[in-house]
Amino acid sequence: MENRVPIWEKVTLTVEEAAKYSNIGINKISALLNQPDCPFVLYVGEHKRLVKRKKFESYIEKSYEI
């Protein structure tokens, strides 16, 4: 049996999970993560990027346009 953590309880999200969670496209989230000042990116090694969920939510709440 797999123990699945609900998406709203996860500390970090994959790009795909963040897209489903926010209804923002994968390409747009990837572009935001590529920005040098992105407040919600977490690098895992050289190639993997995760989204810090709470900072991502805060970013969306403060934004009027993405």
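Below is a short write-up of the structure.

So, how was this worked out
Residues numbered from 1 in each chain as written. Predicted model: local features only at pLDDT ≥ 70, side-chain atom pairs only at ≥ 80, totals over all residues. Heavy atoms only, no water. Axes fitted to C-alpha atoms, helices over the stretch in contact; angles between N-to-C directions. Helix = DSSP H or I, 4+ residues; strand = E, 2+ residues; numbered from the N terminus. Parallel < 35°, antiparallel > 145°, perpendicular 65-115°, else oblique. Left-handed = near helix turned anticlockwise from the far one by under 90°. Contact = heavy atoms within 4.5 Å. Nonpolar A, V, L, I, M, F, W, Y, C, P; charged D, E, K, R; others polar. Phe/Tyr/Trp six-rings, centres within 6.5 Å; stacked < 30°, edge-to-face > 60°. Core = buried A, V, L, I, M, F, W, Y, C linked by side-chain atoms within 4.5 Å. Buried < 20%, exposed > 50% of the residue type's maximum accessible area, 1.4 Å probe, protein only. Polar contact = N/O pair within 3.5 Å; in protein donor to acceptor, adjacent residues only side chain to side chain.

**Considering the packing of helix 1 (residues 15-22) against helix 3 (residues 53-62)**
Here helix 1 crosses helix 3 at 40°, and the two axes come no closer than 12 Å. By the angle between their axes, helix 1 is oblique relative to helix 3. In terms of crossing hand, the pair formed by helix 1 and helix 3 is right-handed. On helix 3, the residues touching Ala18, Tyr21 and Ser22 of helix 1 are Arg53, Phe56, Glu57 and Ile60. When the residues that make up the contact of helix 1 with helix 3 are grouped by side-chain class, the tally is 4 nonpolar, 1 polar and 2 charged.

**Brief notes about the packing of aromatic side chains**
Taken as a whole, this structure holds 2 aromatic pairs when the rule is applied. Chaining the aromatic ring pairs together yields one cluster made of Phe40, Phe56 and Tyr59.

**Quick word on the nonpolar core**
Within the largest apolar cluster, 13 residues are counted, with the highest numbers of intra-cluster contacts made by Ala18, Ile29, Leu33, Cys38, Phe40, Val51 and Phe56. When residues of this core are traced back to their parent elements, those giving at least two are helix 1 and helix 2 (26-34). Setting aside residues no more than four positions away along its own chain, Ile29 makes contact with Val15, Ala18, Ala19, Ser22, Ile24, Val51 and Phe56.

**A closer look at the side chain of Arg53**
Here Arg53 is to be found in helix 3. A distance of 2.5 Å separates a polar side-chain atom of Arg53 from the backbone oxygen of Lys10. Excluding residues that lie within four positions of it along the chain, Arg53 makes contacts with Ile7, Trp8, Glu9, Lys10, Val11, Thr12, Leu13 and Tyr21.

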